[in-house]
Amino acid sequence: MFTAKDDLIIQERFEELLSICDSLDIYKRDDDRDKIIRGFKFANEAHYGVRRKSGEPYIVHPIAVARIAVEEIGLGVKSVLAALLHDVVEDTDFSVEDIERHFGKKISEMVDGLTKMKAATDCSTEISQQAENFKKMLLTLSNDVRVIIIKLADRLHNMRTLGSMTQKKQVKIFSETMYLFAPLANRLGLYKIKSELEDLSLKYNFPEDYKQISEKLAETESEREGYISMLTEPIAEKLQAANVDYEITGRIKSIYSIWKKMQRKQISLEEVYDLFAIRIIFKPLDIIPEKAQCWHIYSIITELYKPRPDRLREWINIPKANGYEALHCTVMGPRGRWAEVQIRSERMNEIAEKGFAAHWKYKEFSGGKVESELDKWIKEVRDALNSSTNNAVEFLDEFHLNLYSSEVVVFTPKGETKTMPKGANALDFAYDIHSSIGNKAIGAKINYKIQPLYTELVSGDQVEILTSNNATPKVEWMNKVFTAKAKQHIKNYFKTDIQGTLNTGKEIFELAIKNQGIKPSRSLFKKVLPAYNCAYKDEFYSKLAMGVITLDDLGVVVRSSATSKIVKYWSLQFNNTLKLLGANKGSDSDEHKISECCFPSPGDDVIGFKQPGSNLIIVHKKSCPEALREASRHGDSIVPTTWSSEKVMSYLSHIMISGSDRMGILLDLSIAITKHMNVNIRKIKIDSHDGIFDGNISLYVKNDEDLKNIMDKISSIKGIDYIHKYDE
Ligand code: MN
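We now examine unusual backbone geometry. Residue Asn243 is not a glycine yet carries a positive backbone phi of 65 degrees. Inspection of the secondary structure assignment puts Asn243 in the loop between helix 13 (221-241) and strand 1 (245-252). Among the residues examined, Asn243 registers a relative accessible area of 66% and is labelled exposed. A positive phi angle is found at Arg335, which is not glycine, with a value near 60 degrees.

Now the structure itself:
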């Protein structure tokens with residue numbers, strides 16, 4: 001039970017919260033303050049006697065979460081209440097109905113959302129279940145974004161107090177934080193929270209690195225401060241002379257971003273050149289537009305210090321998708337050191353610090369324009385969520401990609417801007433405008449030049465989509481588009497138009513037969529279907545219609561002997577153009593290894609992880625729980641990986657082997673054959689007796705050299721004494 005000292009702590013913490021609410025004057029109605037007091041009393045009673053792992057009374061946690069919500073994020077009364085009550089339903093005997101009776105429908109809905117999210121991230125949940133739960137959790141986005149923000153506050157407090165958890169729980173919590181919560185905070189424009197989440201994750205994930213960087217930063221602090229004042233004094237003088245009402249703060253990059261840069265570039269802390277940033281926050285004059293004042297300040301600074309032209313970042317005309325607005329530049333400061341300068345008005349600064357919550361506040365002033373990008377994004381997430389075809393893991397991957405991608409801003413022919421994720425191509429753009437444009441797209445005019453649909457867009461491009469009424473989507477588009485939205489539209493198209501697809505396939509086939517002078521016969525399909533790896537006519541027709549198979553070699557197939565067929569050969573490709581997390585590139589010279597936990601086979605959706613300090617890439621199925629875990633732990637080692645295939649006429653060959661039987665020889669044999677992906681086995685027959693074995697293998701090979709390679713591989717297996725090719 002609680003002691004008098006516990007009660008004192010509880011009372012103190014709550015009074016701190018209340019005085020913050022008072023000083024920020026968040027109350028809109030007369031009884032708002034009383035409501036918060038009632039909420040606290042209710043939660044305190046419900047959690048009474050329960051302690052956190054740290055030994056503190058449990059209620060200290062909901063109070064802290066409410067405090068983060070109001071003090072650091074700028075949320076209001078309802079959010080404070082929901083935060084105070086957020087663990088009541090999950091951890092005590094009270095129900096959502098009880099909350100509704102006491103605090104009304106809105107609060108009970110928010111608490112309900114938070115309860116569901118808690119279940120989603122519960123440590124005891126199976127990993128495979130976790131993705132499904134995350135999906136559910138993100139569904140709350142469609143109801144009330146505040147719920148997600150309170151969840152972030154909850155997570156932040158848990159991260160701040162992570163030290164008292166067991167190590168296993170720590171790993172799980174910081175992995176999730178890196179995989180989902182930090183990017184989510186970023187996406188909602190909550191930069192401060194995002195950086196703190198990242199720093200804390202690093203602290204527990206790589207404690208040594210964290211310690212080293214933070215100690216070094218502390219050591220050099222006075223030197224750094226000296227430098228920053230040397231840098232800012234001349235700016236301050238000029239700004240005063242120009243009558244600008246401003247505030248300058250010097251700041252250092254976050255420990256995590258320094259660490260990431262050191263990792264990425266393999267450099268020491270001393271070599272991270274853009275350690276410094278200064279921020280100028282100004283109170284705008286009413287008579288001059290804010291934007292113009294940003295540029296005015298920019299010109300004052302660049303008169304003093306030479307700017308790096310390639311580092312100018314202008315987010316004042318076109319804000320980032322999360323609403324961020326500012327003008328950034330990098331200048332050459334005294335002693336030849338680069339420093340970043342961020343220029344923001346007070347309004348821009350509040351948006352940058354408090355993200356979404358600030359958008360609401362300024363909504364009236366900007367006519368709702370500021371938040372439109374964010375609204376659009378939330379709508380997109382909602383659309384993706386509502387499509388039942390997406391399985392949860394796939395969804396999470398796409399969502400995650402969506403969170404991380406930076407943006408490009410392109411123009412429609414009418415000069416309207418569109419924000420697309422970096423990596424999007426013209427086809428994504430087409431689908432972003434409308435599915436009917438995407439489905440009929442045949443090409444694009446980018447900056448008045450005709451370009452293929454797969455052309456990746458860069459900021460500033462003007463894009464016009466060329467369409468044709470006869471055009472239809474192609475199945476390979478699935479692998480070419482970048483956005484979840486485009487993928488979804490293409491999937492939908494193929495789902496709905498099955499009969500049309502089959503008819504098209506049939507027409508293509510009939511035309512090919514006619515053109516190549518082949519006589520239609522009943523037995524034709526007996527040869528054609530296996531040659532193109534199809535089990536049924538419908539499969540064959542639909543693949544044909546979607547362009548998965550082409551009939552260039554139909555003549556060869558039909559006239560060939562029964563012992564040859566078109567075989568698909570698979571290889572792995574490590575995508576260079578897709579840069580996830582901006583960190584890793586794979587190259588074809590990289591070694592790869594198929595993961596033994598999920599054994600991905602050709603055609604599976606796969607993902608690669610680059611092993612630190614080597615060029616080995618381990619390939620997992622995307623749906624593999626191990627991969628998910630790996631991704632949440634070492635997200636920046638991800639290498640986007642796809643299978644690619646080519647189809648080649650192949651010939652049936654037969655090999656005879658014999659040797660001394662030993663444990664595991666069969667396994668070694670099958671690994672040797674399947675690892676060599678270019679092999680299509682038709683039959684393996686092995687007999688073993690009295691410590692010796694012999695067997696026959698029938699397989700399709702491209703040519704003699706291919707066969708020789710395989711035979712070399714097999715004969716190098718311990719225990720194989722004899723290998724020999726024969727004709728059946
Ligand atoms: Mn909690």
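Having seen the structure, we can now continue with the description.
Each donor-metal-donor angle would ideally measure 109.5 degrees in four-coordinate tetrahedral geometry, or 90 or 180 degrees in six-coordinate octahedral geometry. Only His61 (NE2), His86 (NE2), Asp87 (OD) and Asp154 (OD) from the protein coordinate the manganese ion, and they sit 2.2 to 2.6 Å from it. Positions of the donor residues of the manganese ion, expressed as sequence spacing, correspond to H-x24-H-D-x66-D. Placement of His61 in helix 3 (residues 60-72) and of His86 in the loop between helix 4 (77-84) and helix 5 (88-91) is noted, with a sequence separation of 25 residues between them. Side by side, His61 and His86 carry an identical accessibility label, which is buried.

Our next topic: the packing of aromatic side chains. Tallied over the full model, the rule gives 16 aromatic pairs. The interplanar angle of 70 degrees and the centroid separation of 5.7 Å between the aromatic rings of Trp315 and Tyr324 together place this pair among those described as edge-to-face. By relative accessible area, Tyr324 is classed as buried at 4%. Look at Phe525 and Tyr541: their rings are 6.3 Å apart centre to centre, the planes differ by 90 degrees, and that puts the pair in the edge-to-face class. Residue Phe525 is located in helix 25 (residues 524-531), and its partner Tyr541 is located in helix 26 (residues 537-545); the two are separated by 16 residues in the primary sequence. Taken together, the ring pairs connect Phe509, Phe525, Phe540 and Tyr541 into an aromatic cluster. The residue whose ring lies beneath Arg308 is Trp338, and the NZ or CZ to ring-centre distance is 5.2 Å.

Turning our attention to the pattern of salt bridges. On inspection of all chains with the given rule, the structure shows 19 salt bridges. Across the pair Arg67 and Glu71 runs a salt bridge whose closest N-O atoms are separated by 2.9 Å. Highlighted residues: Arg67 and Glu71, both in helix 3, separated by four residues, approximately one helical turn. Note on Glu71: relative accessible area 33%, which makes it partly exposed. For Glu223, the salt bridge is made with Arg337, and the minimal N-O distance between the two is 3.5 Å. Taken together, the residues span a long stretch of sequence, with Glu223 in helix 13 and Arg337 in the loop between strand 5 (327-332) and strand 6 (338-345) at a distance of 114 residues. Judged by relative accessible area, Glu223 falls into the partly exposed class, the value being 40%. Among the ionic contacts, a cluster of salt bridges with common partners joins Glu16, Arg67 and Glu71.

Glancing now at helix 2 (residues 32-47). Helical periodicity: at 3.6 residues per turn, an α-helix aligns residues three or four positions apart in one direction. The end-to-end C-alpha separation of helix 2 is 23 Å, in line with the 22 Å expected for 16 residues at 1.5 Å each. Among all positions in helix 2, only Asp32, Ile36, Gly39, Phe40, Phe42, Ala43, Asn44, Ala46 and His47 are buried. Close packing links the buried residues of helix 2 with helix 1 (4-24), helix 3, helix 4, helix 5 and helix 6 (96-103). At the C-terminal side of helix 2, Gly49 shows a positive phi close to 90 degrees.

The next point concerns the environment of Leu24. Its place among the elements puts Leu24 in helix 1. We classify Leu24 as partly exposed; its relative accessible area is 43%. In sequence terms Leu24 and Gly74 are 50 residues apart; their C-alpha atoms lie 8.9 Å from each other.

Take the confidence of the model for the protein chain next. With 84% of its residues at a pLDDT of 70 or more, the protein chain shows a mean pLDDT of 80. Segment residues 123-128: pLDDT under 50, and seven contacts once partners within four positions in sequence are set aside and those in other chains are kept. This model gives residues 576-586 a pLDDT under 50, and the stretch forms 29 contacts once residues within four places in sequence are excluded.

It is the contact of helix 11 (residues 191-205) with helix 14 (residues 255-265), at a shortest axis distance of 8 Å, that shows an interaxial angle of 60 degrees. Between helix 11 and helix 14, the contacting residues are Glu198, Asp199 and Leu202 on the first element and Ile255, Tyr256 and Trp259 on the second. Its residues assigned to classes, the contact of helix 11 with helix 14 shows four nonpolar, no polar and two charged.

This part takes up the sheet that holds strand 9 (residues 441-446). Two strands in a sheet stick together by hydrogen bonds in their backbones, pointing the same way (parallel) or opposite ways (antiparallel). Strand order across the open sheet formed by three strands is 10-9-11, with antiparallel pairing between neighbours. The open sheet terminates on both sides in strands that have one partner only, identified here as strand 10 (449-451) and strand 11 (463-467). Strand-to-strand twist of the sheet, defined as the mean angle between neighbouring strand axes without regard to direction, takes the value 35 degrees. Of the strand pairs in this sheet, strand 9 and strand 10 are connected by three bridges, and their pairing is antiparallel.

What follows covers the nonpolar core. Formed by 63 residues in total, the largest nonpolar core has its most connected members in Leu17, Ile36, Val80, Leu85, Ile99 and Leu197. Per element, the largest residue contribution to this core is nine residues, and it comes from helix 9 (residues 145-160). Excluding its chain neighbours within four sequence positions, the residues that come into contact with Val80 are Leu17, Cys21, Ile26, Ile36, Ala66 and Val70. Residues Met178, Leu239, Cys329 and Met348 belong to the second largest nonpolar core, which totals 39 residues.

Let us now look at the packing of helix 2 against helix 6. The N-to-C vectors of helix 2 and helix 6 enclose an angle of 150 degrees; their axes lie 11 Å apart at closest approach. Between helix 2 and helix 6, the crossing angle belongs to the class labelled roughly antiparallel. The handedness of the crossing between helix 2 and helix 6 is right-handed. On helix 6, the residues that touch Lys35, Arg38, Gly39 and Phe42 of helix 2 are Ile99, His102 and Phe103.

Cut-offs and rules
- Residues numbered from 1 in each chain as written.
- Predicted model: local features only at pLDDT ≥ 70, side-chain atom pairs only at ≥ 80, totals over all residues.
- Heavy atoms only, no water.
- Helix = DSSP H or I, 4+ residues; strand = E, 2+ residues; numbered from the N terminus.
- Buried < 20%, exposed > 50% of the residue type's maximum accessible area, 1.4 Å probe, protein only.
- Donors = N, O, S within 2.8 Å, 3.2 Å for Na, K, Ca; no water.
- Phe/Tyr/Trp six-rings, centres within 6.5 Å; stacked < 30°, edge-to-face > 60°.
- Lys NZ or Arg CZ within 6 Å of the ring centre and 35° of its normal.
- Salt bridge = Lys/Arg side-chain N within 4 Å of Asp/Glu carboxyl O.
- Expected span 1.5 Å × (residues − 1).
- Contact = heavy atoms within 4.5 Å.
- pLDDT = per-residue confidence, 0-100.
- Axes fitted to C-alpha atoms, helices over the stretch in contact; angles between N-to-C directions.
- Nonpolar A, V, L, I, M, F, W, Y, C, P; charged D, E, K, R; others polar.
- Pairing = 2+ DSSP bridges.
- Core = buried A, V, L, I, M, F, W, Y, C linked by side-chain atoms within 4.5 Å.
- Parallel < 35°, antiparallel > 145°, perpendicular 65-115°, else oblique.
- Left-handed = near helix turned anticlockwise from the far one by under 90°.

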